[in-house]
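Observations on the three-dimensional arrangement
Read off the chains here:
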Amino acid sequence: MLSIKNLHVSINDKPILKGLTLDINPGEVHAIMGPNGAGKSTLSHVLSGKPGYEVTAGSVSYNGKDLLEMAPEIRAREGVFLAFQYPVEIPGVSNIYLLKAALNAMRKHQGLPEVDAMDFLTIVKSKVKLLQMDEKFLYRAVNEGFSGGEKKRNEILQAAVLEPNLCILDETDSGLDIDALRIVSDGVNSLRSAERSFLMITHYQRLLDYIKPDVVHVLADGKIVKSGGPELALELEEKGYSWLEGQAA
Amino acid sequence: MMAADQSAYAYLAAYPEIAANLPGSESAWLQQFRTEGLSVFEAHGFPNLRDEEWRYTNLSLLNKTLFTPTASQEVAAEWLNAFRLENAYSVVLINGHFSAGLSQLSELPAEVAVHSVAEILRDNPQRLQNHLGQAVGNAEHSLLAFNSAWFADGVMIDVAANYQLSKPLQILHVVTSAEALAATRNIWVLQAGAEAEIIETYIGSESSYFSAAVNECFLAANAGLTVYKLQADADKSCHFGGTYVKQARDSRFAHHNFAFGALLARSDIHSDLDVASECQLNGLYLGSNRQHIDNHTRINHLKPHAISREFYKGVLDNRARGVFQGRVVVVEDAQHTDSEMNNRNLLLSTDAEVDTKPQLEIYADDVKCSHGVTVGQLEEKSVFYLQSRGVDAEAARNILTFAFANEMVDKVDNAELKAMLLEQLLARFPAISL
């Protein structure tokens, strides 16, 4: 589904990713861990098409297509979803407006008719329940005045409605208390399927107690320095990152 | 006297012939009133950049063309009806003259008197004399003086004490003649405890004209007036609209100013507040291409315990220029004043410009006054967030701009007017409708 080969990325001529290679198959959950400054967020931003990043070498293939050639909105319509580390507040635009605009943009791209208003409400309300959110959230401005936990839940709500093929979770667990973490994790787990893949970027091992990854990677100094099963995360928790950072050099 | 501005000569030279056709020529006091206006205009010409209150707005456009009054009452009814509210009484002014045929006042209750100024001058001039010029005292500038000399008609409204007008009254200022001057003077009187809603709509079917309306409003004790102004004048026109209000104690005045049209537009909204009165001024100005939109507000807290709230938003694109001057004066006697002013601007192009000048002048020592101003652009992180959800960049920008502006439309309680405003907003920023 996703094949990243030898990816080099710079910001303002400063190299951040220095030859990252990663393959994700349909249905797999990959976790990327690593110390601050390793390039974790840069990876999520480059995959979603955020401006300001220069790809100096390498390639990213998504379902056989060149992902880096696509505008951000095309990536979204093709089924790539980024759950933001810091979701943006959009005053004046209600959650339900954004959900409908996003869903219809995706359906149009796929040659499907716009979703029927009643069907849409039924879908959205079931997802709201799944994430244990109040329906009132639908009519509030996107993320405006939301707590940290509410913002993260709202990101997963959007993923649940849009049903992406590749879901990138950028530090989705940061700032969540244990109850919110459980709810968000339950939401993510309910989205897991044989076709849908996940790329979880996290600083902390505890998220992986709730969302079990198939593969854990360690990102250090712009490269993946070690990959392994879920047990690798526990090892990192115990030893920290310093013993691996040497291997990157 | 010498005109300060040579260009005013054309207007002054044309005046004697025009004056002969203005209403009230047999009334000595009105002649005196007009002559005073004329002499101020003769001395100053139109306001210019040297005047502090006009330093951001160049009126030279008024001098390039001699705008002249016309008696034409021609109008395309179907076009006009698109701007009419169904659930409202209406007064239609065509090229600055009251049109009895097009106005819809037959069901007006006895407690509400609506007459053209020409009619009042004929039948009951004393009523006009009691009010004319009384609300503009502190706001005198030469464009007001021009209006005093040139006004050809207007609407006088009188709402009886403790009467609440159940339907709004819409005043349609319509210009249908090229290079026309539509100068009106309007007097609105709300007796004690009366309540009314007035909707002003400014439109034109020709592109170049000069619409100059001055409203003088008198709110007696505990009266309540809400004014919605929709300025959708044609794209090469000049618009001046001044609303000057005298608020007696415990009265409530709300003004919503939607400045969307004209090439050169200036609004003055001034209110004098007595004890415990409330004044709310909201505004939204949208400028594109080479539009210049100036909003000038002044709130005079003259007595204690009054409350004022002001919130203006502007969106400026291309080479458009916006001006916001908000002045709040709190005199020594106006203790316990509570005043807030806010102006927020969104610039959509690097060539767009806004000059914003909030002014607080406080001479009392126990007051609560604040003001805030922002000028910014659309946030790229917001555009990207919407893109990351499948919305293309252009639509994302339109959605964000629409949302910014819609906050002011959302404050409109009249559902029919709100729908009309939304339609205009969506036409400018085509966001995906829901």
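Whatever comes next refers back to the structure up there.
A word on the nonpolar core
- Counting residues in hydrophobic clusters, the biggest one holds 76 residues, and the most contacted among them are Leu2(A), Ile4(A), Leu7(A), Leu43(A), Leu47(A), Phe258(B) and Leu284(B).
- The biggest single contributor to this core is helix H9 (residues 393-409) of chain B, with ten residues.
- Mapped onto the domain boundaries, this core takes at least three residues apiece from domain 1 (8-274) and domain 2 (381-434) of chain B.
- The contacts of Leu7(A), once residues within four sequence positions are left out, are Leu17(A), Lys18(A), Gly19(A), Leu20(A), Leu43(A), Val46(A), Val55(A), Ala57(A), Gly58(A), Val60(A) and Leu68(A).
- In terms of nonpolar packing, the next biggest core, distinct from the first, is built from 50 residues, Leu93(B), Ala194(B), Ala320(B) and Val354(B) among them.

Examining the layout of surface pockets
- The computed volume of the largest pocket comes to approximately 820 Å³.
- At the level of secondary structure, the elements contributing two or more residues to the lining of the largest pocket comprise strand E7 (90-94) of chain A together with strand E17 (338-347), strand E19 (368-376), helix H8 (380-387) and H9 of chain B.
- At seven residues, the largest contribution of residues to the lining of the largest pocket is made by H9(B).
- Considering only residue class, the lining of the largest pocket consists of 18 nonpolar, nine polar and nine charged.
- In this structure, the second largest pocket spans a volume of roughly 360 Å³.
- Forming the walls of the second largest pocket are 15 residues, and the residues nearest its centre are Asn58(B), Leu263(B), Arg290(B), Gln291(B) and His292(B).
- Take the lining of the second largest pocket: its biggest share by element is three residues, from helix H3 (residues 60-64) of chain B.
- Here the residues of the lining of the second largest pocket are counted per class, giving five nonpolar, four polar and six charged.

Section: the interface of chain B and chain A
- Of the residues lining the interface, 19 residues belong to chain B; the matching set on chain A comes to 31 residues.
- Summed over both partners, the interface of chain B with chain A comes to about 2,000 Å²; 70% of that surface belongs to carbon and sulfur atoms.
- Along the contact surface separating chain B from chain A lie one salt bridge.
- Its salt-bridge partner being Glu155(A), residue Arg389(B) comes within 2.7 Å of it at the nearest N-O pair.
- Counting every contact that joins chain B to chain A gives eight residue pairs in polar contact (both at pLDDT 80 or more).

Side note on the sheet that holds strand E3 (residues 29-33) of chain A
Residues and elements named next belong to chain A.
- If you walk across this open sheet you meet the six strands as E6-E9-E10-E3-E11-E12, and the pairing is mixed. At either end of the open sheet lies a strand with only one pairing partner, and these are strand E6 (80-83) and strand E12 (223-228). Looking at each pair of strands side by side, their axes are set apart by 20 degrees on average, direction ignored.
- With five bridges connecting them, E3 and strand E10 (residues 197-202) associate as parallel partners. Counted as the bridge partner of Ala 31 is Met 200 from E10.

What to know about helix H10 (residues 415-428) of chain B
Residues and elements named next belong to chain B.
- A rise of 1.5 Å per residue sets the reference length of H10, with its 14 residues, at 20 Å; its end C-alpha atoms lie 20 Å apart and thus fit the reference within 8%.
- The set of residues buried in H10 consists of Leu 417, Met 420, Leu 421 and Leu 425. One face of H10 carries all of its buried residues, which in axial projection span an arc of 135 degrees. The outward face of H10, more than 90 degrees from its buried face, is lined by the exposed residues Ala 415, Glu 423 and Ala 427.

Looking at the pattern of salt bridges
- Per the stated rule, a full pass over the model turns up 31 salt bridges over all chains.
- When the shortest N-O distance is used, the salt bridge between Asp221(A) and Lys18(A) registers 2.7 Å. A residue pair is termed long-range when its members are at least 10 positions apart, and Asp221(A) in the loop between strand E11 (215-220) and E12 and Lys18(A) in strand E2 (residues 14-24) qualify at 203 residues.
- In this structure Lys18(A) comes out as partly exposed when scored by relative accessible area, which is 29%.
- The partner of Asp338(B) in a salt bridge is Lys368(B), and the shortest N-O contact between them spans 3.9 Å.

Structural notes on the packing of helix H5 (residues 148-162) of chain A against helix H6 (residues 178-191) of chain A
All names here are of chain A.
- Between H5 and H6, the least distance of the axes is 10 Å, while the angle of their chain directions is 15 degrees. With respect to their mutual orientation, H5 and H6 come out roughly parallel. Judged by the sense of rotation from one axis to the other, the crossing of H5 with H6 is left-handed. Of the residues in H6, those in contact with Lys 152, Arg 153, Ile 156, Ala 159 and Ala 160 of H5 are Ile 183, Val 184, Gly 187, Val 188 and Leu 191.
- Residues of the contact of H5 with H6, tallied by class, amount to seven nonpolar, one polar and two charged.

Describing empty space enclosed by the protein
- One pass over the structure, following the stated rule, counts four cavities of 30 Å³ or more.
- For the largest cavity, the full set of lining residues is Ala76(A), Arg77(A), Gly79(A), Val80(A), Phe81(A), Ala102(A), Met106(A), Leu162(A), Pro164(A), Ser388(B) and Arg389(B).
- Sorting the residues of the lining of the largest cavity by element identifies helix H2 (72-77), E6 and helix H3 (95-109) of chain A as the ones contributing at least two each.
- Class assignment for the residues of the lining of the largest cavity results in seven nonpolar, two polar and two charged.

Brief notes about a negative patch on the surface
Residue and element names in this part refer to chain B.
- Where like charges cluster on the molecular surface, the negative patch consists of Glu 332, Asp 333, Asp 365 and Asp 366.
- Position of Asp 365 relative to the elements: it lies in the loop between strand E18 (353-362) and E19.
- Taking the relative accessible area as the measure of exposure, Asp 365 reaches 70% and is therefore exposed.

Comments concerning the sheet that holds strand E4 (residues 155-159) of chain B
Residues and elements named next belong to chain B.
- Pairing is mixed in the open sheet, where nine strands are placed in the order E3-E4-E6-E8-E10-E12-E14-E16-E18. Every interior strand has two partners, whereas the edge strands, strand E3 (112-116) and E18, have only one. Averaged over all adjacent pairs, the angle separating strand axes in this sheet is 5 degrees, with direction ignored.
- As defined by bridge partners, E4 adjoins strand E6 (residues 181-190) across four bridges and the pair is classed as parallel. By the bridge assignment for E6, Asp 158 is matched with Val 189.
- In this fold helix H7 (residues 142-150) packs onto E6, strand E8 (210-219) and strand E10 (238-247), with an angle of close to 95 degrees to the strand it touches most, E6.

Parameters at a glance
- Just so you know, the residues in each chain are numbered from 1, in the order the chain's sequence is written.
- Written order decides the labels, with chains lettered from A and ligands numbered from 1.
- Thresholds applied to this predicted model are a pLDDT of at least 70 for local features of residues and 80 or more for the giving and counting of side-chain atom pairs; totals over whole chains, interfaces and linings are not thresholded and use all residues.
- Side-chain measures here rest on the full set of heavy atoms in the structure, leaving out hydrogens and waters.
- For this analysis, a nonpolar core means a set of buried residues of the types Ala, Val, Leu, Ile, Met, Phe, Trp, Tyr and Cys, connected via side-chain atoms within 4.5 Å.
- The classification of residues rests on relative accessible area computed with a 1.4 Å probe and restricted to protein chains. Under 20% of the type maximum is buried, over 50% is exposed, and intermediate values are partly exposed.
- Going along the chain from the N terminus, every DSSP run of H or I of four or more residues is numbered as a helix, and every run of E of two or more is numbered as a strand.
- These domain boundaries are the output of an automatic or database domain assignment.
- Should any heavy atoms of two residues lie within 4.5 Å, those residues are considered in contact.
- Residues are said to line a cavity or pocket when one of their atoms sits within 4 Å of a point; the points come from a 1 Å grid over protein atoms alone, cavities being sets where a 1.4 Å probe fits but cannot get out and pockets being open sets with protein on both sides within 12 Å along at least five of seven lines.
- Grid points are joined across faces, edges and corners, and a volume is the space filled by probe spheres set on the points.
- Classification used: nonpolar for Ala, Val, Leu, Ile, Met, Phe, Trp, Tyr, Cys and Pro, charged for Asp, Glu, Lys and Arg, polar for all others including Gly.
- Once two parts are joined, some of their accessible surface, as seen by a 1.4 Å probe, is lost; buried area is that loss totalled over both.
- By salt bridge we mean one thing: a side-chain nitrogen of Lys or Arg within 4 Å of a carboxyl oxygen of Asp or Glu.
- Think of a polar contact as two N or O atoms within 3.5 Å of one another; within protein, one of them needs to be a possible hydrogen donor and the other a possible acceptor, and neighboring residues in sequence only count if both atoms come from side chains.
- Note on pairing: DSSP must find at least two bridges between two strands before they are called paired.
- Orientation is described by axes fitted as lines to C-alpha atoms, over the contacting stretch for helices, and by angles from 0 to 180 degrees between their N-to-C directions.
- What a helix is expected to span follows from its residue count: subtract one and scale by 1.5 Å.
- What the arc describes is the spread of directions from the helix axis to the C-beta atoms.
- Any angle that falls under 35 degrees is termed roughly parallel, while one over 145 is termed roughly antiparallel, one within 65 to 115 roughly perpendicular, and all others oblique.
- Crossings are assigned a handedness: left-handed for a near helix turned anticlockwise from the far helix by less than a right angle, right-handed for a clockwise turn.
- Excluding any residue in a salt bridge, patches collect residues exceeding 30% relative accessible area, merging like charges within 9 Å and nonpolar Val, Leu, Ile, Met, Phe, Trp and Tyr side chains within 5 Å.
- Only the protein chains shown count as covering a residue, and every accessible area follows the Shrake-Rupley method with a 1.4 Å probe.
- Note on charges: Lys and Arg go in the positive column, Asp and Glu in the negative column, and His and the chain ends are not counted at all.
- Charge coordinates come from a single atom per side chain, which is NZ of Lys, CZ of Arg, CG of Asp or CD of Glu.

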